[in-house]
Amino acid sequence: MVTPEEEALLLQRAEEHRVTVPRLLIESALAPTGETPTERRNAVVELFAVHRLLAGIANNVNQMARATNATGEVQAEMVATLRAVRRVAERIDTAVDVLGQS
């Protein structure tokens with residue numbers, strides 16, 4: 001038996017992880033590190049997402065480098081692209097930190 005407060009917390013956490021309360025309890029009970037499979041899956045999904053972003057950015061950097069080499073002028077988009085690289089790197093760091101906490 002759980003208190004109404006505990007039930008509300010369980011419902012909230014289950015909703016956050018997009019699972020049912022029974023699934024949340026099972027995953028929590030069976031997780032040796034305190035990390036649920038849902039949390040690990042979400043971290044892996046995030047890593048795949050940033051990988052796709054990084055691939056797109058790498059393509060942009062290659063195109064700008066090609067244009068810079070051809071004209072001798074730095075492309076205006078270079079600053080925005082390098083900022084995007086930094087943002088993606090921060091997302092990667094965060095996702096790796098989440099995985100490393102397990």
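Being a predicted model, the structure only gives us computed values, none of them experimental. (Residues numbered from 1 in each chain as written. Predicted model: local features only at pLDDT ≥ 70, side-chain atom pairs only at ≥ 80, totals over all residues. Heavy atoms only, no water.)

### Considering the overall build of the protein chain
What counts here: Strands here mean DSSP runs of E at least two residues long; helices mean DSSP runs of H or I at least four residues long; both are numbered from the N terminus. Note that the radius of gyration is over C-alpha atoms, with the globule rule given as 2.2 Å times the number of residues to the power 0.38. Exposure is judged per residue with a 1.4 Å probe applied to protein chains only, and the accessible area is read against the type maximum: over 50% gives exposed, under 20% gives buried, and values in between give partly exposed. Note on definitions: a residue-residue contact is assigned when non-hydrogen atoms from the two residues lie within 4.5 Å. The accessible surface values rely on the Shrake-Rupley method and a 1.4 Å probe; as for residues, cover is taken only from the protein chains in view.
Secondary structure assignment for the protein chain yields 4 helices and 0 strands. Along the protein chain, helices (α) and strands (β) appear in the sequence α-α-α-α when read from the amino end. Relative to its length of 102 residues, the protein chain is extended, with a C-alpha radius of gyration of 21 Å against a globular reference of 13 Å. When the backbone C-alpha atoms are referred to their principal axes, the protein chain occupies close to 70 × 25 × 15 Å. Taken over 102 residues, the protein chain has a buried fraction of 21%. When contacts within the protein chain are restricted to residue pairs at least 6 apart in sequence, long-range pairs at least 24 apart make up 50% of them. Summed over its atoms, the accessible surface of the protein chain is roughly 7,600 Å², and 58% of this surface lies on carbon and sulfur atoms.

### Some details on the pattern of salt bridges
Rules: Salt bridges, as used here, are contacts in which a Lys or Arg side-chain nitrogen is within 4 Å of a carboxyl oxygen on Asp or Glu.
Applying the stated criterion across every chain yields a total of 1 salt bridge. The partner of Glu46 in a salt bridge is Arg91, and the shortest N-O contact between them spans 2.8 Å. With Glu46 in helix α3 (residues 37-71) and Arg91 in helix α4 (residues 77-100), the pair connects residues that are 45 residues apart, well separated along the chain. Using a relative accessible area of 27% as the deciding quantity, one classes Glu46 as partly exposed.

### A word on helix α1 (residues 4-17)
Threshold: Helix span, as expected, comes to 1.5 Å for every residue beyond the first.
Helix length check: α1 (14 residues) gives 20 Å between terminal C-alpha atoms against 20 Å at 1.5 Å per residue, within 8%. In the segment just after α1, Arg18 is the residue with positive phi, at about 55°.

### A word on the environment of Met64
Tracing the backbone through its elements, the reader meets Met64 in helix α3. Given a relative accessible area of 7%, Met64 falls into the buried group. Once you skip the residues sitting within four places of it in the chain, Met64 turns out to touch Gln75, Glu77, Met78 and Thr81.

### Observations regarding the UniProt feature "domain: Bacterial mobilisation" (unreviewed entry) in the protein chain
Convention followed: UniProt positions are given in the numbering used here, feature names are shortened, and annotations may be inferred rather than shown by experiment.
Under the feature "domain: Bacterial mobilisation" (unreviewed entry), the UniProt entry names residues 54-93. The annotated region residues 54-93 carries 88% helix and 0% strand content, and the separation between its end C-alpha atoms amounts to 13 Å.

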